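Okay, here's what each chain looks like letter by letter:
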Amino acid sequence: MNNVRQTLESTIEKATSLRLRYKLLLIATIALLVFLLSKGPPPGQNHFVYLADSFLHGKLGLSGGGENLAEIVPFNGNYYVVYPPMSAVLLLPFVAIWGTAFDQALLSVVLAGFCVAATWLMLKKAGSSQTKALWLAVLFGFGTCFWFIASVGSSWYIEQVVAVLFLTCAIICSLYGKGNFVVGLFLGCAVIARLPVVLAFPFFLLLIYDQKNTWIPRFKQVLFFFAGLAIPVGLNALYDYARYGVFTNIGYYLIPGIQEDPFFQQGIFNVAYIPRHIYAIFFQGPNLLPDFPWFQPNWMGLGLFLTTPAFLLIFRGALRGGWRSLNKKAALAILCILPPIVTHGTVGFTQFGYRFSLDFIPFLMLLTAAGMRENLGWTEKTLIALSVLINLWGVVSIIKFNFVSF
């Protein structure tokens with residue numbers, strides 16, 4: 001036992017002495033191996049593979065098998081993918097080589113590995129020690145619904161993985177206090193993967209305000225930020241105009257049968273939908289069975305704090321006054337992003353956990369870090385381990401055994 005412990009301690013010591021880029025590569029590689037082990041079969045709903053193929057052929061509409069996918073919008077004789085196109089852009093080189101047979105989920109798990117490494121760097125830059133940041137990176141990658149979402153890699157899921165990666169990169173660059181043009185560019189790339197993420201912009205403006213002590217430099221950096229943001233967002237507006245003749249994505253309203261869907265009886269967005277999201281976030285539980293194993297994942301999801309009990313530490317940080325200026329900005333970002341999410345007709349099913357939380361999960365991680373001691377105690381470690389076990393249950397049950405139902 002002593003030999004094992006000494007070997008482990010020696011390995012950790014060597015790893016912590018590596019240069020930053022090698023640490024990031026090591027974390028990303030280990031995370032990728034776990035994601036590959038848990039990865040499901042190629043997703044049937046692979047809109048972005050077909051969209052990338054269309055881009056490569058100089059078209060915006062789908063053809064072939066892409067026309068038969070879910071939620072495809074027929075408009076003026078074409079068939080369009082309603083979701084923002086960033087995931088398809090990232091798939092371009094892979095589809096160029098392997099065509100529409102490429103497994104979209106492979107890109108999902110590769111990007112997920114980078115997400116874990118980026119989360120570690122973000123938390124380290126935000127003030128956590130290397131060890132604490134590593135525990136939190138494990139929590140993010142494998143103790144939240146991110147694990148399931150990344151391992152499946154369907155079109156609804158990969159776009160959230162892409163958004164998480166770019167949003168986390170934007171936060172990292174902003175924390176370094178340099179390159180606000182790049183910060184805006186990263187945020188814009190996240191936006192054209194998941195549109196609600198655009199509402200995180202006050203977080204970055206407040207960081208610029210804190211980092212500059214006079215108004216002229218602040219104004220200059222704000223212009224750089226919005227210039228970077230405008231490039232992907234502007235290109236996306238042109239993409240919408242080329243498809244629909246307007247600069248906004250009206251495709252969601254053109255999905256066949258959307259008006260008759262029982263979840264959208266009061267429109268796609270309505271404040272009347274808020275109670276169902278409150279239930280999904282705080283109270284949604286698994287299916288209860290009369291016999292072993294007694295619990296079964298529910299396609300409607302699982303409450304945020306049931307999926308990730310370690311998020312309860314957020315409240316400890318808030319109640320003990322442990323929130324610094326950065327944490328308050330992170331909380332504001334979450335509040336800004338939430339309105340279009342909680343007023344949407346569905347809560348994100350089919351899913352494990354509450355997948356819409358991924359739109360603001362980097363900010364959740366910052367708040368969770370604030371609720372943890374620098375030297376993690378058994379409470380923190382137990383909650384992280386429990387979170388990982390719950391998500392392992394979800395990944396194995398659904399992906400490996402298809403043990404799930406409404």
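Refer to the structure printed above.
Numbering of residues starts from 1 in every chain and runs along the sequence as written. Reporting of local features is limited, given that this is a predicted model, to residues whose pLDDT is at least 70; pairs of side-chain atoms are given and counted only at 80 or more, and all residues count toward the totals for whole chains, interfaces and linings. The side-chain values count all of the structure's non-hydrogen atoms but skip hydrogen atoms and water molecules.

Some words on the packing of helix H5 (residues 104–125) against helix H8 (residues 155–176)
At step 1: Where H5 meets H8, the closest approach of the two axes is 9 Å, and the angle between their N-to-C directions is 25°. Put simply, H5 runs roughly parallel to H8. Like other packed secondary-structure pairs, H5 and H8 cross with a definite hand, here left-handed. Here Gln 104, Leu 107, Ser 108, Leu 111, Ala 112, Phe 114, Cys 115, Ala 118, Thr 119, Leu 121, Met 122 and Lys 125 of H5 lie close against H8, whose contacting residues are Ser 155, Ile 158, Val 161, Val 162, Val 164, Leu 165, Thr 168, Ile 171, Ile 172, Leu 175 and Tyr 176. Here the axes come from fitting lines to C-alpha atoms, over the contacting stretch only for helices, and the angles between their N-to-C directions go from 0 to 180 degrees. Here a strand is any run of E in DSSP of at least two residues, a helix any run of H or I of at least four, and the numbering for each starts at the N terminus. Orientation labels follow simple angle bins: below 35 degrees gives roughly parallel, above 145 gives roughly antiparallel, 65 to 115 gives roughly perpendicular, and whatever is left gives oblique. Left-handed is the label given to a crossing in which the near helix is rotated counterclockwise from the far helix by less than a right angle, and right-handed is the label when the rotation is clockwise. Residue contacts are defined here by distance: any two heavy atoms, one from each residue, within 4.5 Å place the two residues in contact.

A look at helix H10 (residues 201–211)
At step 1: Here's how the labels work: a residue is buried when its accessible area is under 20% of the maximum for its type, exposed when over 50%, partly exposed in between, all with a 1.4 Å probe on protein chains only. Within the sequence span of H10, burial applies to Pro 202, Phe 203, Phe 204, Leu 207 and Ile 208.
At step 2: Contact partners of the buried residues in H10: H8, helix H9 (180–191), helix H11 (215–244), helix H15 (325–342) and helix H16 (361–370).

Re the pairing of strand E1 (residues 72–75)
At step 1: Only strands that DSSP links by at least two bridges are regarded as paired with each other. In this structure, E1 lies alongside strand E2 (residues 78–81), joined through four bridges in antiparallel fashion. In the strand pairing of E2, Val 73 is matched with Tyr 80.
At step 2: Following E1, the chain reverses through two residues before pairing antiparallel with E2; Asn 76 in that reversal takes a positive phi of roughly 50°.

What to know about the side chain of Asn 236
At step 1: With respect to the helices, strands and loops of the structure, Asn 236 is situated in helix H11.
At step 2: By relative accessible area, which is 11% here, Asn 236 ends up buried.
At step 3: Asn 236 has contacts with Pro 85, Ile 192 and Leu 195, leaving out every residue within four places of it along the chain.

A word on a nonpolar patch on the surface
At step 1: To count toward a patch, a residue needs a relative accessible area over 30% and no salt bridge; like charges are then connected within 9 Å, while nonpolar side chains (Val, Leu, Ile, Met, Phe, Trp, Tyr) are connected within 5 Å. Using a 1.4 Å probe, the Shrake-Rupley method yields the accessible areas, and only the shown protein chains count as cover for residues. Salt bridge, as used here, is a side-chain nitrogen of Lys or Arg placed within 4 Å of a carboxyl oxygen of Asp or Glu. A contiguous nonpolar surface patch, about 750 Å² in accessible area, is contributed by Phe 181, Val 182, Phe 224, Ile 231, Leu 235, Leu 238, Tyr 241 and Phe 247.
At step 2: Those elements that place two or more of their residues in the nonpolar patch are H9 and H11.
At step 3: In terms of residues, the nonpolar patch owes the most to one element, H11, which gives five residues.
At step 4: On the secondary structure map, Tyr 241 appears in helix H11.
At step 5: Relative accessible area serves as the criterion here: at 44%, Tyr 241 is assigned to the partly exposed category.

Here we look at the packing of aromatic side chains
Each aromatic ring pair is described using two quantities: the centre-to-centre distance and the angle formed by the ring planes.
At step 1: Within 6.5 Å between ring centres, the rings of Phe, Tyr and Trp (the latter by its six-membered ring) count as paired, and their orientation is classed by plane angle as stacked under 30 degrees, edge-to-face over 60, tilted in between. All chains considered together, the criterion is met by 30 aromatic pairs.
At step 2: Arranged with centres 5.7 Å apart and planes meeting at 25°, the rings of Trp 98 and Phe 102 form a pair that is stacked.
At step 3: Of the residues examined, Trp 98 reaches a relative accessible area of 51% and is grouped as exposed.
At step 4: The exposure class assigned to Phe 102 is buried, which follows from its relative accessible area of 10%.
At step 5: Pairing Tyr 241 with Phe 247 gives two aromatic rings, centres 4.6 Å apart and planes at 15°, and the pair type is stacked.
At step 6: Taken together, the aromatic side chains of Phe 201, Phe 203, Phe 204, Phe 225, Phe 226 and Phe 363 make up a single cluster linked through ring pairs.
At step 7: A ring is considered to have a charge above it if a Lys NZ or an Arg CZ atom is located within 6 Å of its centre and within 35 degrees of its normal. A cation over a ring is seen here: Arg 21 above Tyr 22, with NZ or CZ 5.3 Å from the ring centre.
At step 8: Taking NZ or CZ as reference, Arg 243 lies 5.7 Å from the ring centre of Tyr 80, over its face.

Quick word on the nonpolar core
At step 1: We define a nonpolar core as any set of buried Ala, Val, Leu, Ile, Met, Phe, Trp, Tyr and Cys residues linked to one another through side-chain atoms lying within 4.5 Å. Core analysis: the biggest nonpolar cluster contains 126 residues, and Phe 35, Phe 146, Phe 148, Phe 204 and Phe 363 have the highest contact counts within it.
At step 2: Here this core takes 15 residues from H8, the largest share from any one element.
At step 3: Those residues in contact with Phe 363 that sit more than four places away from it in its chain are Leu 167, Ile 171, Ala 200, Phe 203, Ala 330, Ala 333, Ile 334 and Ile 337.

Section: helix H12 (residues 274–282)
At step 1: Of the positions making up H12, those classed as buried are His 277, Ala 280 and Ile 281. One face of H12 carries all of its buried residues, which in axial projection span an arc of 95°.
At step 2: Among the structural elements, helix H13 (304–307) and H15 are those in contact with the buried residues of H12. Relevant arc is that of directions from the helix axis to the C-beta atoms, nothing else.

Some thoughts on the packing of H15 against H16
For any two helices packed against each other, the geometry comes down to the angle between their axes and how far apart the axes lie.
At step 1: H16 packs onto H15 with a crossing angle of 145° between their chain directions and a minimal axis gap of 9 Å. Between H15 and H16 lies a crossing whose hand is left-handed. Here H15 contributes Leu 326, Asn 327, Ala 330, Ala 331, Ala 333, Ile 334 and Ile 337 to the contact with H16, which in turn contributes Phe 363, Leu 364, Leu 366, Leu 367 and Ala 370.
At step 2: Its residues assigned to classes, the contact of H15 with H16 shows 11 nonpolar, one polar and no charged. For this scheme, ten residues count as nonpolar: Ala, Val, Leu, Ile, Met, Phe, Trp, Tyr, Cys and Pro. Four count as charged, namely Asp, Glu, Lys and Arg, and the remainder, Gly too, count as polar.

Any functional reading would require information beyond the geometric quantities listed.
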